[in-house]
Amino acid sequence: MSALTFTLKLKPDQRVDMSPLVCHKLDGMQAAEIAALTLQNGKRKIRVDELFDIAGSDAQNIVIKNSFGKLDFIGKELDGGRITVEGDAGAYLGLGMKSGEIEVSGDVGIYAACEMKKGFLTINGNAGDFLGAALPGNKMGMKGGTVLVKGNVGERAGDHMRRGNILIEGNAGDYCGSRMTAGTIAVMGQTGKYLGFAMRRGTLLLWNQPQASARFNDCGAHTLAFLPILFASFKKFNSKFADGSAAFNRVQRYAGDMSEMGRGEVLVKIG
Amino acid sequence: MLTRLTGGQLFDPAQGLNGTVQDLFIRDGVIISELDSGVAIDADYDVSGKIVMAGAVDIHSHIAGGNVNTARLLLPEQHRNYMARKLGHAFSTARWSTTETGYRYAQMGYTTVVEPAVLPANALDAHLQMADIPIIDTAGLAILGNDDFLLRLLRAKASQNQVNDYVAWTLQATRCLGLKVINAGGANAFKSNVRSFALDDVVPDYGVSSRQILQTLQRAACDIQLPHPVHVHCNNLGLPGNVDTAIATMEAAQGLPMHLAHIQFYGYGNEGGRGFSSAAAKLIDGFNQHRNITMDVGQVLFGQTVTISGDVIAQYSRRNDATPNKWVMWDAECEGSGGAVPYRYQQKSFVNSLQWLIGLEIFLLAEDPWRLFFTTDHPNGGPFTRYPHLIRLLMDYDFRLECMAELNQEAVAMSLLKELKKEFSLYEIAVMTRTAAARMLGLKDRGHLMPGAIADIAVYTPEADKEAMFSAADLVFKNGELAVKNGVVQQRRNGATQMIQLPFDRQIKRELQAYYDRFYNLSLDNFKVEDVSFRQADSERFVSHDAGQPYSACREAAANTIYQ
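All figures in this text were calculated on a predicted structure; none of them were measured in a lab. (Residues numbered from 1 in each chain as written. Chains lettered and ligands numbered in written order. Predicted model: local features only at pLDDT ≥ 70, side-chain atom pairs only at ≥ 80, totals over all residues. Heavy atoms only, no water.)

1. Describing the overall build of chain A
To keep it simple, the criterion reads: Strands here mean DSSP runs of E at least two residues long; helices mean DSSP runs of H or I at least four residues long; both are numbered from the N terminus. Between the two quantities, the radius of gyration covers C-alpha atoms and the globule rule is 2.2 Å times the number of residues to the power 0.38. Here the term buried applies to any residue with accessible area under 20% of the maximum for its type, exposed to any over 50%, and partly exposed to those in between, with areas from a 1.4 Å probe on protein chains only. Residues count as neighbours in contact if any of their non-hydrogen atoms are within 4.5 Å of one another. The accessible surface values rely on the Shrake-Rupley method and a 1.4 Å probe; as for residues, cover is taken only from the protein chains in view. Counting rule applied: Lys, Arg positive; Asp, Glu negative; His and chain ends not counted. Note that the charge is assigned to NZ on lysines, CZ on arginines, CG on aspartates and CD on glutamates.
Within chain A, the secondary structure is distributed over 4 helices and 17 strands. Against the compact-globule benchmark of 18 Å for 271 residues, chain A has a radius of gyration of 19 Å, which places it among compact chains. The principal-axis extents of the C-alpha atoms in chain A amount to approximately 65 × 35 × 25 Å. Put simply, chain A has 271 residues, and 55% of those count as buried. If you take every contact in chain A between residues at least 6 apart in sequence, the share linking residues at least 24 apart comes to 42%. Summed over all atoms, the accessible surface of chain A reaches about 11200 Å², with 48% contributed by carbon and sulfur. Mean positive and mean negative side-chain charge positions of chain A (33 and 27 charges, respectively) differ by 6 Å.

Here it is, written out as structure tokens:
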């Protein structure tokens, strides 16, 4: 069986809600039924076959070709299976994803991996603001799984994050790890202002020294035995994080945010 | 424009009509008496077999103002911006947007709604929001009793006349219809770290008691001839044993008219193993002895809601019960305070079940729809959209039993609701939600179907399931225009805001100008409601009503005993 492939025929002016096109919803559906599904497009509804050429039949392996930045809610609440996006993806990629895998070749919009519960999300380009965050008004962001970003991420990455890993090969914007309750964010590049703002618990693992903050206390240099174990868990990824030369176990430790609970930690690579 | 409704069963307590079949005529937005034969009718509606009532009047529902906006901001999850826009315009999926407020009320046959807590400093905001509510008419009640200016007057032992002028000026400046007092002095005391405040407690630094503030304002409302009695949110809201506070407040009214709001939250005893019990019987006993008192219920209905109140002491004390876990408290400069705490009433909860039972006990024990009004204190006890459900509870004993089976049985065992077999009639519903409500507010032009009334009319199809019946009216006319047909809004028309016209001594204005210049960051002009660019001209936006004798329920009831 070949992958169920949606090839975008035209770029609509208004945004498209792609949430009906996920593996668990399309499983067992005939090609004609899928073609007749409607997607919300701005304030109109549009048939799937008006927007996409459809080929293949394996609903557990969906490919979206010619994708661009106005296709929102790709992989919403995905429960098993794999979605491959060739091109960019819009906002809310993998919103509330339960399991399975999503890979995007290009950039993604805001709120990627928002309130994600489990699974694996790879973004080969850049990600927008609020990566792995909570929806406005909610108090729990990403609750599990792993997000790997090969480019840069916007502001507020991991806002209200609860559990899971966010691995960033590039730079992170301002307020990285803000209001985090728990979980791990690793950033190989630079970080912006207000790192760990109102962070309660959780770990920020950094390769570069962040801007100093009065809200974090310097706890000195440490050799941490858990770091080699953490790096070993990254070995399976197709990423710089899997490279043995990226690993370290000697860090400067900062605890904060002291205006909150203060049990979060920022670990910065030494040497 | 001449409109006729033919063959409907009229329920109009003002005329003693209890299902009488009679035609109704509307000319240019006003109900008129029967016509001579041969006059051409422009629009003819056959409503035979249907129920015809005046448009309903909600005396207490928080639909506009600072607290309402705070709640909207606090709970974005209640109005996720879905792409599909159900009503075809911006914000139509918001809970509760001004549009949805107007539409949903109109669909149920409501045509006038009172926002009962307009903080004078926030009056402009409240009015801008009310101006944005389509279809229905609105009105505000201005809050006094925690403001520094009044407490200064009392501390300085100012004359009652000065207070009267201040109250009259406030109602004019805020363009409100009546006077609201919330836990008199409590919000001010909260600023001095007081965390519980009873009727005879004294506000620190001012040396005046809650009772003194309340009685002074009540006297002012009578002196300036406010038709709507002072609208009181008592002390100790929600505390076990607070029925004594409610009774003491009735005593404190000294025989003068007073309205006690959302009284369900004061029907609590402190008996039983959990120290929380129903005191509805005791409350109603007091209510029957004090004929000068009117009350509304503030029924609790199960589900998610948000409590918003200017009673910051009560709100602060329940902040740890917030569901979801987030809340806002605020203090206003020189005026009151308040807070928004989201809350979910649950059937499995002993306390929530008992609150539900107590509310219904009050409804059914009171047996006087002329003095007891129908509210959920929207959104505090439940959203106004659930009114049809509550009407069914009142009109259907078997449905009550069904609902009781779902509750916490420990609470049910403590309640006498099973013994109360009374079922409200359509006539009594019309009294409670129409005629008495409009009269108590001093709105003579509505709440009835007599010639001269504005043509606010609701037509329903009789059904055994009263919830279905009252959820979607067949026809709703607002000022004679067809606003709703078969439960669907036909046109987005503007409502008007009702206010009271009162005289006062101009001297008070000079004193207030000086006070604002000294104590506020903004000039008095910034708070003015006039000369603001409402979409409508001020003359269309505001409708003035005359001062007059306060509502006296016993008099109304006596005048209406001719029916039945």
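2. Notes on the sheet that holds strand β1 (residues 2-6) of chain B
All names here are of chain B. Defined as follows: Here the rule is simple: two strands pair whenever DSSP picks up at least two bridges between them. Axis lines are fitted to C-alpha atoms, over the contacting stretch for helices. Their N-to-C directions set the angle, which ranges from 0 to 180 degrees.
Ordered in space as β5-β4-β1-β6, the 4 strands form an open sheet in which the pairing is mixed. Only two strands of the sheet have a single neighbouring strand rather than two, namely β5 (30-32) and β6 (43-46). In this sheet, adjacent strand axes meet at a mean angle of 25 degrees when their direction is disregarded. As paired strands, β1 and strand β4 (residues 24-27) are joined by 4 bridges and run antiparallel to one another. Bridge pairing in β4 links R4 to F25.

3. Some words on the pairing of β1(B)
Summarising the sheet, β1(B) and β6(B) pair through 4 bridges and their orientation is parallel. The residue bridging B:T3 from the neighbouring strand is B:A43, located in β6(B).

4. Observations regarding the UniProt feature "domain: Glutamate synthase alpha subunit C-terminal" (unreviewed entry) in chain A
Let me state the cut-off plainly: UniProt positions are given in the numbering used here, feature names are shortened, and annotations may be inferred rather than shown by experiment.
In the numbering used here, UniProt assigns the "domain: Glutamate synthase alpha subunit C-terminal" (unreviewed entry) feature to residues 82-212 of chain A. Summarising residues 82-212 of chain A: 0% helix, 24% strand, and an end-to-end C-alpha distance of 41 Å.

5. Some words on the sheet that holds strand β21 (residues 337-345) of chain B
Residue and element names in this part refer to chain B. Read from one edge of the open sheet, 3 strands run β19-β21-β20, paired in antiparallel fashion. The open sheet terminates on both sides in strands that have one partner only, identified here as β19 (303-309) and β20 (328-331). With direction set aside, neighbouring strand axes in the sheet form an average angle of 15 degrees. Where β19 and β21 come together, 7 bridges link them in antiparallel fashion. Residue G303 lies in a different strand from β21, and its bridge partner there is Y345.

6. Focus: the interface of chain B and chain A
Accessible area lost during the coming together of the parts is what is often quoted as the interface size. Put simply, the rule is: We define buried area as the total accessible area lost by two parts upon association, computed with a 1.4 Å probe and summed across both. For salt bridges, the criterion is a side-chain nitrogen of Lys or Arg within 4 Å of an Asp or Glu carboxyl oxygen. The definition of a polar contact used here is a pair of N or O atoms within 3.5 Å, where within protein one atom must be able to donate a hydrogen and the other to accept one, and adjacent residues in sequence count solely through side-chain atom pairs. Note that Gly is not counted as nonpolar here; it falls among the polar residues with everything else outside the nonpolar set of Ala, Val, Leu, Ile, Met, Phe, Trp, Tyr, Cys and Pro and the charged set of Asp, Glu, Lys and Arg.
In this complex, chain B contributes 7 residues to the contact, which on the side of chain A involves 12 residues. Roughly 730 Å² is buried in total at the junction of chain B and chain A, and carbon and sulfur atoms are behind 56% of that figure. Taken together, the links from chain B to chain A amount to 0 salt bridges. Our count for the chain B to chain A interface comes out at 2 residue pairs in polar contact (both at pLDDT 80 or more). Residues belonging to the side of chain B that touches chain A are distributed by class as follows: 3 nonpolar, 1 polar and 3 charged.

7. Quick look at helix α5 (residues 160-174) of chain B
Residues and elements named next belong to chain B. This is how it is decided: What a helix is expected to span follows from its residue count: subtract one and scale by 1.5 Å.
Between its terminal C-alpha atoms α5 stretches 21 Å, which fits the 21 Å expected from 15 residues at 1.5 Å a residue. The element α5 is largely enclosed, with a buried count of 11 among its 15 residues. Residue R175 follows α5 closely and has a positive phi angle near 50 degrees.

8. Notes on unusual backbone geometry
Here the residue pair A:G256 and A:D257 is connected by a cis peptide bond, since its omega of -10 degrees sits within 30 degrees of zero. Positionally, A:D257 belongs in the loop between β16 (250-256) and β17 (264-269). Backbone torsion omega between B:T323 and B:P324 reads -10 degrees, so that peptide bond is classified as cis. Examined against the element boundaries, B:P324 turns out to sit in the loop between α10 (312-317) and β20. Positioned with a positive phi, B:N236 is a non-glycine residue whose angle comes to about 60 degrees. With respect to the helices and strands, the residue B:N236 is situated in the loop between β14 (231-233) and α8 (243-252). The phi dihedral of B:C334 is positive, around 60 degrees, even though this residue is not glycine. With respect to the helices and strands, B:C334 occurs in the loop between β20 and β21.

9. Overview of the pattern of salt bridges
Oppositely charged side chains are able to pair whenever their charged atoms sit close together. Residue and element names in this part refer to chain B. Following the criterion strictly, the structure yields 31 salt bridges over all chains and no others. In this structure, the salt-bridge partner of K422 is E428, at a minimum N-O distance of 2.9 Å. Between K528 and D525 there is a salt bridge, and its shortest N-O distance comes to 3.4 Å. On the accessibility criterion, D525 (46% relative accessible area) is partly exposed. Look at the salt bridges and you will find they share partners, linking D137, D445, R446, D456 and K478 into a network.

10. Observations regarding the packing of helix α4 (residues 148-155) of chain B against α5(B)
All names here are of chain B. Rules: Should an angle fall under 35 degrees it is taken as roughly parallel, and over 145 as roughly antiparallel, whereas 65 to 115 is taken as roughly perpendicular and any remaining angle as oblique.
One can describe the packing of α4 onto α5 by two numbers: an axis separation of 10 Å at closest approach and a directional angle of 170 degrees. One way to sum up the angle between α4 and α5 is to call them roughly antiparallel. Contact residues: F149, L150, L153 and L154 in α4; Q162, V163 and Y166 in α5. Of the residues belonging to the contact of α4 with α5, the class tally is 6 nonpolar, 1 polar and no charged.

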